[in-house]
Amino acid sequence: MLLLRRLAGAARPRGLAGRGLASGTSGAPREAADAVVVGAGVVGLAAARALAMAGREVVVVEAAPSFGTGTSSRNSEVIHAGIYYPPRSLKATLCVRGKEMLYKYCEERGVAHKRISKLIVATGAAEIPKLDMLLRNAKENGVDDLQLMEGSEAMEMEPELRCLKALLSPSTGIIDSHSLMLSLLADAENLGATVSYNTAVISAHVGSEGLELHVCESKELQNYLVGSHVNAQLVLLPKLVINSAGLSAVPLAKQFRGLDQAFVPTPHYARGCYFTLSQTKSPFRRLIYPLPEDGGIGVHVTIDLNGLVRFGPDVEWISDGGKDHVSCFLNKFDYSVSPTRCSVFYPVIRKYFPNLKDGSLEPGYSGIRPKLSGPGQPPSDFVIQGWDVHGIPGLVNLFGIESPGLTSSLAIVEHVVSKYL
């Protein structure tokens, strides 16, 4: 049952539609809460599960009508090994730890997954030193199962592949992300957690009773006009808040009165499109990755658990994603995939898959990365920010949870619980 209807009932204020977004409460009912998780993506659901396991009473507030409708369901569904990320970064340590935890969880819960392995390939002589750098970086991160091989060895493993050298990553895998989230949700609900869909946290501040979350039904935001005003329909008074809102985590934090905005990073958004391979059987048995590019890890070959071959994602920086925070709350990003974009994919893919035929790529889907670094900037790390940083008791912000967020999800939550509970 919707949280607002259950708690607010007939006390719902009148005339809210179309009045916009603000921190006013206009006599909205106030309800004490123990732990509130904002966002029902894979990290939010993992957080709800972990908090419920720790004995907390958990409410998950999700603006969408279901779980995992954002970044968590619009990715490559790859279990990453921990190769690319700077040593001692959160991405490195939590990816390596998260990979171990995720494989164990999937095996125990029967979540569909497969250790399919992947090849990272150098197709030109100038790229070979970059493979050596990746190998050294991976070893520093504790990934010690990589194998550097000649192109002839890699091409014997994958006859359709063309490369000069390659790195084999045996511990890379694929996963059914929807089944993972469904399992995490079931665990959390079986432990007493409640999920309220179609419910948006629109603002917050530190009041006389501590943290106040201002909440309304998502439909009240549909007619929002920039600069207009909406009152909350419910005020939650939680002891703990996990801001795990993904694409809207930063825009939400910008609506927290009392939070020093110096601690809120600038968001950047990058769309990545995927194309599926049609009219042919899968040319590969493993994932194939080129070397990383600005903003991503290259247009690679992924294979899902049904054998469907996808190429992507590319990187397209979008400038308007953070202008309107309400659009972020309602996930009103442009996820369309233009069929003409495949013209960029063919030459990139043919560097390692020269037999790709014209007309064999079809538009698939796209996802948006919630990045903290922009074009040409060094890749940013995850930001896990609690009251030891920003000074607001009970608030934990999770910013920039892009790849490898799916792989790292259980470890991210383990880190939060161990540090802040």
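Quick look at the structure, then.

The rules we used
Residues numbered from 1 in each chain as written. Predicted model: local features only at pLDDT ≥ 70, side-chain atom pairs only at ≥ 80, totals over all residues. Heavy atoms only, no water. Axes fitted to C-alpha atoms, helices over the stretch in contact; angles between N-to-C directions. Helix = DSSP H or I, 4+ residues; strand = E, 2+ residues; numbered from the N terminus. Parallel < 35°, antiparallel > 145°, perpendicular 65-115°, else oblique. Contact = heavy atoms within 4.5 Å. Nonpolar A, V, L, I, M, F, W, Y, C, P; charged D, E, K, R; others polar. Core = buried A, V, L, I, M, F, W, Y, C linked by side-chain atoms within 4.5 Å. Buried < 20%, exposed > 50% of the residue type's maximum accessible area, 1.4 Å probe, protein only. Pairing = 2+ DSSP bridges. Salt bridge = Lys/Arg side-chain N within 4 Å of Asp/Glu carboxyl O. Left-handed = near helix turned anticlockwise from the far one by under 90°.

### Description of the packing of helix α3 (residues 90-109) against helix α11 (residues 405-420)
Argument step 1. Closest axis-to-axis distance for the α3/α11 pair is 6 Å, and the angle between their directions is 100°. It follows that α3 is roughly perpendicular to α11 by the angle criterion. On the side of α3, the interface is formed by Leu90, Leu94, Cys95, Arg97, Gly98, Lys99, Met101, Leu102 and Tyr105, while α11 contributes Leu406, Thr407, Ser408, Leu410, Ala411, Ile412, Glu414 and His415.
Argument step 2. Among the residues forming the contact of α3 with α11, the class breakdown is ten nonpolar, four polar and three charged.

### Thoughts on the nonpolar core
Argument step 1. Ranked by size, the top nonpolar core spans 51 residues in total, and within it Leu119, Ile120, Leu161, Phe311, Ile349, Tyr352 and Leu361 carry the most contacts.
Argument step 2. Ala47, Ala50, Leu51 and Leu406 belong to the second largest nonpolar core, which has 45 residues in total.

### Comments concerning the pairing of strand β16 (residues 300-303)
Argument step 1. With burial as the criterion, each face of β16 is covered, one bearing His300 and Thr302 and the other bearing Val301 and Ile303.
Argument step 2. The loop that links β16 with its antiparallel partner strand β17 (residues 309-312) comprises five residues; one of these, Gly307, has a positive phi angle of about 90°.

### Describing the sheet that holds strand β3 (residues 78-79)
Argument step 1. Pairing is antiparallel across the open sheet formed by three strands, whose spatial order is β3-β8-β4. Both outer strands of the open sheet, β3 and β4 (113-114), are each paired with one neighbouring strand and no more.

### Details of the environment of Met157
Argument step 1. Residue placement: Met157 occurs in helix α5 (residues 151-157).
Argument step 2. It is 54 Å that separates the C-alpha atoms of Met157 and Lys239, two residues lying 82 residues apart in sequence.

### Looking at unusual backbone geometry
Leaving glycine out, the prevailing phi sign among residues is negative, and the prevailing peptide bond configuration is trans.
Argument step 1. In this model, Gly312 is joined to Pro313 through a cis peptide bond whose omega is -10°.
Argument step 2. The omega torsion of the bond from Ser403 to Pro404 falls at 10°, within 30 degrees of zero and hence cis.
Argument step 3. One non-glycine residue, Arg88, lies in positive phi territory at about 70°.
Argument step 4. One can find Arg88 in the loop between β3 and α3.
Argument step 5. Assessed through its relative accessible area of 71%, Arg88 is described here as exposed.
Argument step 6. Here Asn198, not a glycine, exhibits a phi torsion of approximately 55°, which is positive.
Argument step 7. If you trace the backbone, Asn198 turns up in the loop between β9 (194-196) and β10 (199-207).

### Re the pattern of salt bridges
Argument step 1. With the rule as written, the count across this model stands at 20 salt bridges.
Argument step 2. Among the salt bridges present, the one from Lys91 reaches Glu402, with a minimum N-O distance of 3.0 Å. Note that Lys91 is positioned in helix α3 and Glu402 in the loop between β21 (395-399) and α11, a separation of 311 residues in sequence.
Argument step 3. Residue classification places Lys91 among the buried residues on the basis of a relative accessible area of 6%.
Argument step 4. The salt bridge involving Glu316 is made with Arg341; its shortest N-O contact spans 3.9 Å. Linking Glu316 in strand β18 (residues 316-318) with Arg341 in the loop between α8 (325-329) and α9 (342-349), this pair joins segments that are 25 residues apart in sequence.
Argument step 5. Since its relative accessible area comes to 24%, Glu316 is described here as partly exposed.
Argument step 6. What emerges from the salt-bridge pattern is a single network uniting Arg49, Glu108, Arg109 and Asp187.

### A short note on the packing of helix α2 (residues 42-53) against helix α6 (residues 177-190)
Argument step 1. The interhelical angle for the contact between α2 and α6, taken along N-to-C directions, is 25°, at an axis separation of 8 Å. Between α2 and α6, the crossing angle belongs to the class labelled roughly parallel. As α2 packs across α6, the resulting crossing turns out to be left-handed. Listed contacts from α6 to Val42, Leu45, Ala46, Ala48, Arg49 and Ala52 of α2 are Leu180, Met181, Leu184, Leu185, Asp187 and Ala188.
Argument step 2. Class assignment of the residues belonging to the contact of α2 with α6 gives a composition of ten nonpolar, no polar and two charged.

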